[in-house]
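What follows is each chain in one-letter form.
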Amino acid sequence: MKIAVLGTGYVGLVTGAGLAEFGHSVIGADKMTEKIEKISKGEIPIYEPGLDELLRANMKRGRISFSSDLHKTIQAADVIFACVGTPQGDDGSADMSQIEEVSRLIAENLNGYKVIVEKSTVPVKTSHWIKRTISLYKKSDQEFDVASNPEFLREGSAVADFLNPDRIIIGVESDRARDMLVKIYDKVRDRIVITNIDTAELIKHASNSFLAMKISYINLMANLCEKTDADIEQVAKGMGLDPRIGGLFLKAGLGFGGSCFPKDLKALIKIGEDLGVDMNLLKETDLINSGRARLFLDKLKKALWILKEKKIAILGLSFKPETDDIREAPSIRLIRELLGEGAILRLYDPEAQNNMKELFPEDKTRITYCSTSYEAAACANALLICTEWKEFVEMDLRKVKALMANPIIVDGRNIFEPADVRKLGFEYYSLGRK
Ligand code: UGA
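Rules of the game
Residues numbered from 1 in each chain as written. Predicted model: local features only at pLDDT ≥ 70, side-chain atom pairs only at ≥ 80, totals over all residues. Heavy atoms only, no water. Helix = DSSP H or I, 4+ residues; strand = E, 2+ residues; numbered from the N terminus. Buried < 20%, exposed > 50% of the residue type's maximum accessible area, 1.4 Å probe, protein only. Near = heavy atom within 4 Å. Areas by Shrake-Rupley, 256 points an atom, 1.4 Å probe, with all protein chains shown as cover. Nonpolar A, V, L, I, M, F, W, Y, C, P; charged D, E, K, R; others polar. Disulfide = S-S within 2.5 Å. Salt bridge = Lys/Arg side-chain N within 4 Å of Asp/Glu carboxyl O. Core = buried A, V, L, I, M, F, W, Y, C linked by side-chain atoms within 4.5 Å. Contact = heavy atoms within 4.5 Å. Domains from an automatic or database assignment. Buried area = accessible area lost by both parts, 1.4 Å probe. Polar contact = N/O pair within 3.5 Å; in protein donor to acceptor, adjacent residues only side chain to side chain. Pairing = 2+ DSSP bridges. Right-handed = clockwise from strand over helix to strand, strands pointing away. Expected span 1.5 Å × (residues − 1).

## Considering the environment of A402
Part 1 of the argument: Of note, A402 is situated in helix 18 (residues 397–403).
Part 2 of the argument: Overall, A402 belongs to the exposed group, its relative accessible area being 67%.

This is the structure in C-alpha cells:
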C-alpha cells in the first residue's frame, strides 16, 4: 500500500514519520516548494522532541520521501491522509478551504480506487462535503471512500503519542476502507475502535472540548480557593484520586492555549449552534479561559501598583513546555497588556523566542529577549512564570533573588511551593492558593 500524507505541518509530519516507522511507504507532500526542499534535506521546520531523528532514520531507510508535486503524489497513492490546516474562521467555525482544495486535487487525480482519510480536526459532517466535492470534480468513474481517523497527539510528546496511542478511531462506511486502515495500523491493532464517520469526527471535537472544560473547571475552583482558605493543588489532588474524575488535566493556571483547544472549542460551539443545540456549557468554558490573563495581571498590579516603566521578566513564551509553538499562548495576551501599560519587558523561553520575535520584534527600550532565565530576571521588578518548562522549576532561586530589583514572583503555573519561595525572601503570588 502506498500512502500519501498531504500537508507538512505538525500533524502531517508526525503522521508521515509515524506511518513510515510502522513500515509503510510514505510520500509527504505540500505545495510549499521551499519547505519541501528543506525537509528533504533533513531540516525539520518545527521543534518536536524525537521528530527529527524519526524522520531522518526513515528517510535513510527509504520509507518516506517528500514532494511538492501534489498531482503525482495523489496518483501514486492508495491511501491519502489529509493533514492540512483547518484554522479558525472569523465566526469561530473552522475554515475548511484547504480541505476543499485538497478534495478537488484528489478528484482531478483519481486514477484508481483510493481511500481519503481525514486526519486534520474537522467538523462533524465534513466527510459528506469531501465526498460531494470529489464526485463533482472527478473526471473518471473511479471509486473512492472517505474515512475519518482523527489524530490525538499532543505537541511535545507527539511522536510517542503517535507510536503508542491510547486509541485509534477509524470512522468508515465500507468494509474495503475499513480493512485498508486496519492494515495500516496493524502494529497497534488492539487499540482500534471502528465507528461510523460522523461519530469519529465528533469524538475528536468532543475529546478536546472535554479536556478544555476540565481545565476551565479547575480554574473556576481556583477562583473559589482564592476567596477561601482552600488550596487548589490539594483540591485537584483530592478530586483526581477518584478514578471517575482522574488527576490529569486538573492543573490550574493561566489556562489553555495552543492551536487546538481554543479553536476546537469555538468550532464545536458553532457546530452545535448551527444544529440548534444549546452550547452554553462550552461557551462558559471559553469565557473562564479568556479571563485567566486578567486575573493574573491583577496579581501583578497588586504587587507593583503602577506598571509603567517597571521591568517585568516573563519566563515561558510558548503555550506549554517542550514546544516552540506560540499559537494562542497566554503569554501573548500578557505581553500586549503589559506593553499597553508601559512596562519594560525582559523575555525568555528555551525554544519559542524566534517565533515570538516575529510577533513582538526586539526593541531595546521596551522588549529585550534574553538568553537565560537569570538574564531576564536581572534588575526586574517582578518575574512572571507563564509556562512550566523544567528549567524554570529547577532554577536557582537564590541567584534569581540576588539579581532582581524586587524579589516578586507571580507564578501562572503554580510551579513552586509557596512556603519554600517565601522562606527565600520572595513575595510570591500563585493561582488558587495562598
Ligand atoms: C491537545 C490534546 O491534548 C491532544 O490530544 C490533541 O490531539 C491536540 O490538542 C490536537 O487536537 O491536535 P496540545 O494542544 O498539544 O494537545 O496540548 P495539551 O497538552 O493538551 O495542552 C493544551 C493547553 O492546556 C496548554 O496550554 C496547557 O498549558 C493547558 N493545560 C493542560 C492546563 O492549563 N492545565 C492542564 O491540566 C493541562
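## Considering the site of the ligand
Part 1 of the argument: Near the ligand lie 20 residues; those nearest to it are F152, L153, E155, K204 and N208.
Part 2 of the argument: When the ligand is considered free in solution it has 720 Å² of accessible area, and contact with the protein chains removes 91% of it.
Part 3 of the argument: For the shell around the ligand, the elements supplying multiple residues, two or more each, are helix 9 (197–226) and helix 11 (261–274).
Part 4 of the argument: By residue number, the principal contributor to the shell around the ligand is helix 9, which donates three residues.
Part 5 of the argument: When the residues that make up the shell around the ligand are grouped by side-chain class, the tally is nine nonpolar, three polar and eight charged.

## Some remarks on the state of the cysteines
Part 1 of the argument: Across all of its chains, the model carries zero disulfides by this definition.
Part 2 of the argument: Here C379 is not disulfide-linked; the sulfur of C370 is the nearest cysteine sulfur, at 11 Å.

## Concerning the pattern of salt bridges
Part 1 of the argument: Taken as a whole and assessed by the stated rule, the structure comprises 32 salt bridges.
Part 2 of the argument: R191 is the salt-bridge partner of D190, the closest N and O atoms lying 3.5 Å from each other.
Part 3 of the argument: In this structure, K390 and E394 form a salt bridge, with 3.4 Å as the shortest nitrogen-oxygen distance. E394 matches K390 in its accessibility class, with the two residues each being exposed.

## Some remarks on the nonpolar core
Most often, soluble globular proteins keep nonpolar side chains buried together rather than apart.
Part 1 of the argument: In terms of nonpolar packing, the biggest core is built from 41 residues, with L19, L51, F81, V115, L181 and Y185 touching the most fellow members.
Part 2 of the argument: Counting residues per element, this core draws most heavily on helix 1 (residues 10–21), which supplies six residues.
Part 3 of the argument: Among residues more than four places away in sequence, those in contact with L51 are L13, V14, A17, I44, I46 and V159.
Part 4 of the argument: Ranked by size, the runner-up nonpolar core spans 32 residues in total, among them L307, I312, C386 and Y429.

## So, the domain arrangement of the protein
Part 1 of the argument: With domains assigned, the protein is organised as domain 1 (2–195), domain 2 (204–290) and domain 3 (292–429).
Part 2 of the argument: If you average the C-alpha positions of domain 1 and of domain 2, the two centres end up 29 Å apart.
Part 3 of the argument: Taken together, the contact between domain 1 and domain 2 spans 16 residues of the former and eleven residues of the latter.
Part 4 of the argument: Summing both partners gives a buried area of about 1,100 Å² for domain 1 against domain 2, and 61% of it is carried by carbon and sulfur.
Part 5 of the argument: Seen at the junction of domain 1 and domain 2, the total is one salt bridge.
Part 6 of the argument: The salt bridge partner of D91 is K270, with a shortest N-O separation of 3.6 Å.
Part 7 of the argument: Our enumeration of links across domain 1 and domain 2 arrives at four residue pairs in polar contact (both at pLDDT 80 or more).
Part 8 of the argument: Of the residues in the side of domain 1 that touches domain 2, the class split is seven nonpolar, five polar and four charged.

## Structural notes on the pairing of strand 9 (residues 311–315)
Part 1 of the argument: Most of strand 9 sits inside the fold, with four of its five residues counted as buried.
Part 2 of the argument: Note that strand 9 and strand 10 (residues 344–348) share five bridges and pair parallel. Paired with A313 across the bridge in strand 10 is R346.
Part 3 of the argument: In this region the chain leaves strand 9, passes through helix 14 (residues 330–340) and returns to the parallel neighbour strand 10; the handedness of that crossover is right-handed.
Part 4 of the argument: With four bridges joining them, strand 9 and strand 12 (residues 382–385) adopt parallel strand pairing. Bridging across to strand 12, A313 finds its partner in L383.

## A closer look at helix 11
Part 1 of the argument: An ideal rise of 1.5 Å per residue puts 20 Å on 14 residues; helix 11 measures up with 20 Å between its terminal C-alpha atoms.
Part 2 of the argument: Helix 11 sits mainly inside the fold: eleven of its 14 residues count as buried.
Part 3 of the argument: Along helix 11, the residues that are buried comprise F261, P262, K263, D264, L265, A267, L268, I269, K270, I271 and G272.
Part 4 of the argument: Here the buried face of helix 11 lies against helix 9 and helix 12 (280–290).
Part 5 of the argument: Residue G276 follows helix 11 closely and has a positive phi angle near 80°.

## Examining the pairing of strand 10
Part 1 of the argument: In terms of residue burial, strand 10 counts as a mostly covered element, since five of its five residues are buried.
Part 2 of the argument: Burial of strand 10 is two-sided: the residues I344, R346 and Y348 facing one way and the residues L345 and L347 facing the other way are all buried.
Part 3 of the argument: By the bridge criterion, three bridges tie strand 10 to strand 11 (residues 367–369) in an arrangement that is parallel. Paired with L345 across the bridge in strand 11 is I367.

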